[in-house]
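Here is how the chains run, residue by residue.
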Amino acid sequence: MTPPALLVDGLAYAYPDGHQALFGVNLRVDRGERVALLGPNGAGKTTLVLHLNGVHTPGAGRVEVGGLAVAKPNLKEIRRRVGIVFQDPDDQLFMPTVREDVAFGPANFGLPPERVDQALAAVGMTEHADRSPLHLSGGQRRRVALATVLACDPEILVLDEPSANLEPVARRELAEVLLGLDRTLLMVTHDLPYALQLCPRSVLIDNGVVVADGPTRDLLADTELLAAHRLELPFGFRLD
Amino acid sequence: MNPLHRPGDSPVHRLPAQVKIVGALAFVLCVVATDRTAYWAFGAYLAVLAAVWVVAAIPPGWMAKRALIETPFVVLALAAPFLGGGPETEVLGVSVSVSGLLAGWNIVAKGTIGVLASLTLAATTTPRDLVVGLQRLRTPSVVVTIATLMLRYLEVIVAEARRMRLARISRGHDPRFLWQVGATARGIGTLFLSSYERGERVHLAMVSRGYAGALPDTGGPARPLSWLSGLVPAATAAVVLVGTL
């Protein structure tokens, strides 16, 4: 039996200033699954994401990626396996050209340079490889940010608010790219319709624990559950 | 501001950046080492630069406009003949100091040629290639990293500052009045903090992709022929320098 792509077991964490963000999170994501991570601001979503690649060290509990424990000796391999696409592409794209930025990860992890072109092709940005990220549109930057992570051949893709600040067309184009990738996906988002479109399963986190885990459509149809955790569908949406 | 880089596809543009950096530095060293009374040598240096411009297809007017950056130094140089001490001489009926005159000439001649040489390097090399060249020349990796990030984020930060300024003047801010500079100052403080926080986020994103302290090496080594042809101007300057001794 192959190990799950991601296993989080009893994860608890308090920030150095004493603020406790996670109180025993359990989460299992199998290979090939696409899971939305929902929750209000301050629920602990970002804190959880930063545990997945070992930026934070758990106070209690453990995290495994593809069967490999997130621990100091494995950090390099863990960071290759967990591809995080951050919310603001300007934070992620720091090299002067698109191609150099996409090549940054593979160079660090010792992966073959062909991966750069494959990743750019996978997000449809091959023709912009030699441009500066500064001169790309918001949607194009988002896709390049995705390519920088895809080039590292991750076990699990983690997206932080992928649809934030995107115009509707760019939002749809990104969804099409993501649906065509055939990879394990964990998507942190407030955009509930986007979660429904992309992820068959959703996990709702609030106050540092998982409060619901099930089919996205069922979760989003539970108005009381959403309201109890400061979530709601946009105006005009109904699922029941 | 006028862009310092002039895109092109001349042999000078195509030279690897590291060759051009070494060439420009060696050339300027020769100029600086020249005795200030060897007047003909400065004409020769200028001729060498002009030859490079011809090959790189850079119009002299383009260069002249950007060389204006030197103006403050020229003003200083013009003052030198009147401020210097020692024996005096008559120029156009005005009595000026001989040593001051020579000092002023020294500043103008070497400064101008130095500025023109730097502008030639900048005109034919993109900022990105300059950083690659520095990396090839084994500049410490922290310097290369800082320069790379500066290239990338300078425009981001300038755009942020512009948005903040727009937001301020949209609410009636008019920094021409002295008592309103406080808001501008606080804006700069906010800009610093947001840039600092962005720095932390950028670092986090870099670490997540396996960053361990050095940027990957880019660009290839220069071929011997590139070095040979790229150093011709500097070598000519060296010959001129030896000729003045």
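Residues numbered from 1 in each chain as written. Chains lettered and ligands numbered in written order. Predicted model: local features only at pLDDT ≥ 70, side-chain atom pairs only at ≥ 80, totals over all residues. Heavy atoms only, no water.

1. Some thoughts on the packing of aromatic side chains
Under the counting rule described, the total for this entry stands at 8 aromatic pairs over all chains. Directly above the aromatic system of B:Tyr153 lies the positively charged group of B:Arg152, at a separation of 4.9 Å from the ring centroid. (Phe/Tyr/Trp six-rings, centres within 6.5 Å; stacked < 30°, edge-to-face > 60°. Lys NZ or Arg CZ within 6 Å of the ring centre and 35° of its normal.)

2. Concerning the domain arrangement of chain B
Under the domain assignment used here, chain B contains domain 1 (11-125 + 220-244) and domain 2 (140-208). The C-alpha-based centres of domain 1 of chain B and domain 2 of chain B are spaced at 36 Å. (Domains from an automatic or database assignment.)

3. Observations concerning the sheet that holds strand β5 (residues 68-69) of chain A
Backbone hydrogen bonds hold the strands of a sheet together, and the pairing may be parallel or antiparallel. Residues and elements named next belong to chain A. Taken together, 4 strands build an open sheet; the order of strands is β2-β1-β4-β5 and the sheet is antiparallel. With one partner strand each, in any of the chains shown, β2 (20-29) and β5 form the two edges of the open sheet. By the bridge criterion, 2 bridges tie strand β4 (residues 60-65) to β5 in an arrangement that is antiparallel. In the sheet register, Glu 64 faces β5, and the bridge partner there is Ala 69. Contacts between helix α1 (residues 45-52) and the sheet are confined to β1 (6-14), β2 and β4, with β1 contributing the most and set at about 120° to the helix. (Pairing = 2+ DSSP bridges. Helix = DSSP H or I, 4+ residues; strand = E, 2+ residues; numbered from the N terminus. Contact = heavy atoms within 4.5 Å. Axes fitted to C-alpha atoms, helices over the stretch in contact; angles between N-to-C directions.)

4. As for the UniProt feature "transmembrane region" (unreviewed entry) in chain B
This chain's UniProt record puts "transmembrane region" (unreviewed entry) on residues 15-32, 39-58, 64-84, 91-117 and 137-156 of chain B. For residues 64-84 of chain B, the end-to-end C-alpha separation is 29 Å, with 81% helix and 0% strand making up the annotated structure. (UniProt positions renumbered as here; feature names shortened; annotations may be inferred.)

5. Section: the UniProt feature "domain: ABC transporter" (unreviewed entry) in chain A
UniProt's entry tags residues 6-232 of chain A with the feature "domain: ABC transporter" (unreviewed entry), counted in the numbering of this structure. Taken end to end, residues 6-232 of chain A is 37% helix and 26% strand, and its first and last C-alpha atoms sit 28 Å apart.

6. Some details on the nonpolar core
Residue and element names in this part refer to chain A. Leu 38, Val 102, Leu 120, Leu 146 and Leu 178 are the most contacted members of the largest nonpolar core, which totals 44 residues. A total of 6 residues in this core trace back to one element, the largest contributor, which is helix α6 (residues 138-150). Excluding its chain neighbours within four sequence positions, the residues that come into contact with Leu 178 are Leu 146, Leu 159, Leu 185 and Leu 198. Counting 30 residues, the second largest nonpolar core, distinct from the first, contains Ala 43, Val 49, Val 63 and Ile 205. (Core = buried A, V, L, I, M, F, W, Y, C linked by side-chain atoms within 4.5 Å. Buried < 20%, exposed > 50% of the residue type's maximum accessible area, 1.4 Å probe, protein only.)

7. Description of the pairing of strand β9 (residues 201-206) of chain A
If a strand is regular, its side chains alternate between the two faces of the sheet. All names here are of chain A. With 6 of its 6 residues buried, β9 lies for the most part within the structure. Of the two faces of β9, the one holding Arg 201, Val 203 and Ile 205 and the one holding Ser 202, Leu 204 and Asp 206 are both buried throughout. Judged from the 4 bridges that link them, strand β3 (residues 34-38) and β9 form a sheet pairing that is parallel. By the bridge assignment, Ala 36 is partnered in β9 with Ser 202. Strand direction decides the pairing type here: β9 and strand β10 (residues 209-215), joined by 6 bridges, are antiparallel. Pairing of Ser 202 across the sheet is with Gly 214, part of β10. Counted between consecutive antiparallel strands, the loop separating β9 from β10 contains 2 residues, among which Asn 207 sits at a positive phi close to 50°.

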